[in-house]
Amino acid sequence: MSSPLYVDGGDVECSRQEVSEIRQTTTKPSFLRKWGPALVAIAGVLAVNALLLGPTGSKIPSLNSRQLSAQNVREERTQAVLDMEWDHEADLKRGLSNMRNSRNLSESDGGVMEYTRRRHRYLGEYVHVDVSDQFSLFGKLSISLIYFAFWVFLMFPNWFLPIGRPGIALGGGLCMVVFRYILLLTGQGPAFDAAKVIILEPLFLLFGLMLTTIYLEKMERGGLFDKLRDSLDDPVNWKRSAKIMAMSTIGSAAVMNDSVVLIFSGVVVDLCVRHKVANSLPYLLSLATTANTGSALTMTGNPQNILIVSLAYDDISWTEFLSNMVLPVTAASIINAVMLFCYYSGELFPGSSGLLECFGIVFSGNRTPEMLAQEHAYHARNVTSQDDVVDSSGWTVWSKIQIVIVAIFLVCFAVGLDVCVTSICAGAVLMVLAAWKRQHYDPKPELVEYDAEGNALPPKKMYDMDGNEIEPEEEELVTESETTLTEVDYGLLMLFIGQFILIGSFDDTGVPQAFFSAAMGGCAEQMTSVPCVYWFVLVITILSNVASNVPVVQMLAATFPYATPYDWMQVSFSATIAGNLTMLGSAANMIVAFQAAKVGDRTFTSERHAPFGIPSTILSLYAGTFLLSMVHFSPECSVKLGECDE
């Protein structure tokens, strides 16, 4: 069936009333059709783990000699660190650069330090300090209740007051700060330093990416941004979705998933409006889910991967990371794409009679009558609108400048320069160029006002505070603060700040760590060994969606400071792919929802995301975990601890 918002042979837009009537007459899927795959996937994953580990964990294998030896070495190393004296003045004299540039310190400089206490102090904002023993039972329970209450509010923001997710997150953070102070006064909990749990790097990076994105889009009509958008366009629905997925996967691996969804969320919504699709959810899911999956490929693909490489005890190179992730990420991408085509076959393959015909369309190039009608109307619209469209066949000097800046931007990312500084600098350079272009090259906007009959009105006189008339030249001066900078989503930054405070306070209670230890049971010391690895992936998936993936990485880094490179590969893959389970599981999902809602598209919600996200994520996770456990190049031992020698 073709899109109900599609009008054959013309470019007539449906009114809101017509759209509402069409959606009301559309048959809603049954509960089994909507949630059946998710329920089957959940039951399947529980059955697999029960089969491998036993219903009560009775099949968990005991630690072998290598694992016992590694456990003893880690305990000895930890005790050696705890026995060391801390010379704060000597640390300051050595400087931060020495700690970052060399991790192979001499014995006098603290070469025996594991993960390390000095490194903890230098990277204090990334390290969890265990203060759970300073909470009373009431303090732990109350903080947990506050966190989960606001987690529900963030998941379903329209159930209560229409405050919006940024307001909810910021209110939750303030509520947590006030309540932690009350606990401190009553002796129910320790002091809470909210500033230390706010990780500034993601905020700086997000601001820089938003700035860069805005200027790429606004600098020139028909420029680089419009050309990228046009490259994703296609009259065939499934091809348009496939192009979005391919671009999102490659872009997220090359740069970062958050930047990709920031740039292309509005593009996807614009394409849906252009083609008058009734349901934009398949296309938004194509962008968000593949951005998360593709970001697992490289260490610069997402914030948690960057954090893992920074905090891992053993060094992990860029090529080592990539070589381990190629196979599982490829499998996860294929599974996600196939499930998306199957789950939304009605929207992506209009007029098809079933899944077999859909796959026949993909591989043989067949068309249904509805698809042919859409193609004809698409080309007809392009012919009739040629006169109204700016000629974008060539590359202007401004487009070439944009390409050069973007290329330098990507090279700086690839060589490992600071991503925050790089993104903000790129935005600042584009801002200067846009201001220069608008001031000296763009035609001046017409400031003449007209009355109801079309007659020109005399210009209004403007006066300053002293009563002096403002000259027209002064009045025409427009600054970036009045134009483009106002389009930065400061509400999105507030959303992350509030979430950081909520999650940081929740981690202080030790409840997530206790849940992890209790859930892992006998698998805690062999979490990435078969068969424990499949249960480990499930636990990481749950924690990543409850407390977000970056805090989970922080928690694991503090709980298992000597995790091997292979351990971190499994953590990275599971924590990243788990972001597709629910809408709150990944920052990329939140950005897509936030950017789409800005332009009036509110189809990407938690309730609509979960029925597809749960089965797709579980299948992708377990298939990728199996492949990673079978084929990996990172050692299953710590080289620096000497485990590999034994």
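Residues numbered from 1 in each chain as written. Predicted model: local features only at pLDDT ≥ 70, side-chain atom pairs only at ≥ 80, totals over all residues. Heavy atoms only, no water.

**Q** Just checking my understanding: could you explain the overall build of the protein for this structure?
**A** Within the protein, the secondary structure is distributed over 29 helices and zero strands. For the protein, the residues scored as buried account for 49% of the 646 residues in total. Taking the intrachain contacts of the protein between residues at least 6 apart in sequence as the baseline, contacts between residues at least 24 apart amount to 78%. Carbon and sulfur atoms form 63% of the exposed surface of the protein, whose accessible area is close to 31100 Å². (Helix = DSSP H or I, 4+ residues; strand = E, 2+ residues; numbered from the N terminus. Buried < 20%, exposed > 50% of the residue type's maximum accessible area, 1.4 Å probe, protein only. Contact = heavy atoms within 4.5 Å. Areas by Shrake-Rupley, 256 points an atom, 1.4 Å probe, with all protein chains shown as cover.)

**Q** What's the story with the packing of helix 2 (residues 31-53) against helix 29 (residues 606-630) in this structure? I'm lost.
**A** Taken N-terminus to C-terminus, the directions of helix 2 and helix 29 make an angle of 30°; their axes are 8 Å apart at the nearest point. Considering only the axes of helix 2 and helix 29, their crossing is left-handed. Judged by residue contacts, Lys34, Trp35, Pro37, Ala38, Ala41, Ile42, Val45 and Asn49 of helix 2 engage Glu607, Ala610, Pro611, Ile614, Pro615, Ile618 and Tyr622 from helix 29. Considering only residue class, the contact of helix 2 with helix 29 consists of twelve nonpolar, one polar and two charged. (Axes fitted to C-alpha atoms, helices over the stretch in contact; angles between N-to-C directions. Left-handed = near helix turned anticlockwise from the far one by under 90°. Nonpolar A, V, L, I, M, F, W, Y, C, P; charged D, E, K, R; others polar.)

**Q** I'm lost on the nonpolar core in this one. Help?
**A** In globular proteins that are soluble, nonpolar side chains generally tend to be buried together. Counting 147 residues, the largest nonpolar core has Leu287, Phe516, Leu556, Trp568 and Phe604 as the members making the most contacts within it. If we ignore the near neighbours within four places in the chain, the residues touching Phe604 are Leu281, Leu284, Leu285, Ala288, Met583, Asn589, Val592, Ala593 and His609. (Core = buried A, V, L, I, M, F, W, Y, C linked by side-chain atoms within 4.5 Å.)

**Q** Any chance you could explain the state of the cysteines here in plain terms?
**A** One pass over the full model with this rule turns up one disulfide. For Cys358, which is in no disulfide, the shortest distance to another cysteine sulfur is to Cys342 and amounts to 7.6 Å. Between Cys425, a cysteine without a disulfide, and Cys412, which holds the nearest cysteine sulfur, the sulfur-to-sulfur distance is 8.7 Å. (Disulfide = S-S within 2.5 Å.)

**Q** Sorry, what's going on with helix 23 (residues 490-508) here?
**A** One turn of an α-helix holds 3.6 residues; hence residues three or four places apart share an orientation. For helix 23, which comprises 19 residues, the first-to-last C-alpha distance of 28 Å matches the rise-based estimate of 27 Å (1.5 Å per residue) to within 8%. The element helix 23 is extensively covered by neighbouring structure, given that 16 of its 19 residues are classed as buried. Immediately beyond the C-terminal end of helix 23, within one or two residues, lies Gly510, with a positive phi of roughly 80°. (Expected span 1.5 Å × (residues − 1).)

**Q** What am I meant to see in the pattern of salt bridges here?
**A** Charged atoms that come close allow side chains of opposite charge to pair. Per the stated rule, a full pass over the model turns up five salt bridges. With its nearest N and O atoms 3.3 Å apart, the salt bridge here joins Asp234 to Lys243. Given a relative accessible area of 12%, Asp234 falls into the buried group. Using a relative accessible area of 31% as the deciding quantity, one classes Lys243 as partly exposed. One salt-bridge network, held together by shared partners, links Asp233, Asp270 and Arg274. (Salt bridge = Lys/Arg side-chain N within 4 Å of Asp/Glu carboxyl O.)

**Q** Help me understand the packing of aromatic side chains in this model?
**A** Ring pairs (aromatic) are described by centroid distance and by the angle formed between their planes. What the rule picks out here adds up to twelve aromatic pairs. Between Phe341 and Phe349, the aromatic rings sit 5.7 Å apart at their centres with planes inclined by 85°, giving edge-to-face as the arrangement. For the pair Phe341 and Phe349, a shared accessibility class is recorded, and that class is buried. A centroid spacing of 6.0 Å and a plane angle of 65° characterise the contact between Tyr343 and Phe612, whose relative ring orientation is edge-to-face. Of this pair, Tyr343 sits in helix 16 (residues 318-343) while Phe612 sits in helix 29, placing them 269 residues apart in sequence. For the pair Tyr343 and Phe612, one class covers both residues: buried. Put simply, the rings of Tyr147, Phe148 and Phe506 touch in pairs and so form one group of aromatic residues. (Phe/Tyr/Trp six-rings, centres within 6.5 Å; stacked < 30°, edge-to-face > 60°.)

**Q** I tried to follow the packing of helix 16 against helix 27 (residues 565-577) on my own but got confused; where do I start?
**A** Two numbers describe a pair of packed helices, the interaxial angle and the distance between the axes. It is at 11 Å that the axes of helix 16 and helix 27 come closest, and there the two elements cross at 40°. When you trace helix 16 past helix 27, the crossing you get is right-handed. Counting all contacts with helix 16, which are made through Glu320, Phe321, Asn324, Met325, Pro328, Val329 and Ala332, the residues of helix 27 involved are Pro565, Met569, Ser572, Phe573 and Ile577.

**Q** Is there a simple way to explain helix 8 (residues 165-185) in this structure?
**A** The end-to-end C-alpha separation of helix 8 is 30 Å, in line with the 30 Å expected for 21 residues at 1.5 Å each. Buried residues of helix 8: Arg165, Pro166, Ile168, Ala169, Gly172, Gly173, Met176, Arg180 and Leu183, and no others. For helix 8, the arc enclosing every buried residue in end-on projection is 165°, short of the 170-degree limit, so these residues lie on one face. For helix 8, the exposed residues lying more than 90 degrees away from the buried face are Leu174, Val178 and Leu185. Phi for Gly187, located one or two positions after helix 8, is positive at around 75°. (Arc of directions from axis to C-beta.)

**Q** Would you mind going over unusual backbone geometry with me for this structure?
**A** A negative phi holds for most residues other than glycine; trans holds for most peptide bonds. Look at the link from Val530 to Pro531: it is a cis peptide, with omega at 10°. Following the sequence through the fold, Pro531 ends up in the loop between helix 24 (511-520) and helix 25 (532-547).

**Q** Honestly, the environment of Thr293 in this entry has me stumped. Any pointers?
**A** Among the structural elements, Thr293 can be located in helix 14 (residues 281-295). Taking the C-alpha atoms as reference points, Thr293 and Thr249, separated by 44 residues in sequence, lie 6.9 Å from one another. Once residues within four sequence positions are removed from consideration, Thr293 is found in contact with Val329, Ala332, Ser333, Ile577 and Asn580. Side-chain polar atoms of Thr293 contact the side chain of Asn580, separated by 3.4 Å. (Polar contact = N/O pair within 3.5 Å; in protein donor to acceptor, adjacent residues only side chain to side chain.)

**Q** Explain the environment of Ile250 to me, please; I cannot follow it from the model alone.
**A** By the secondary structure assignment, Ile250 is in helix 12 (residues 237-254). A relative accessible area of 62% means that Ile250 is categorised as exposed.

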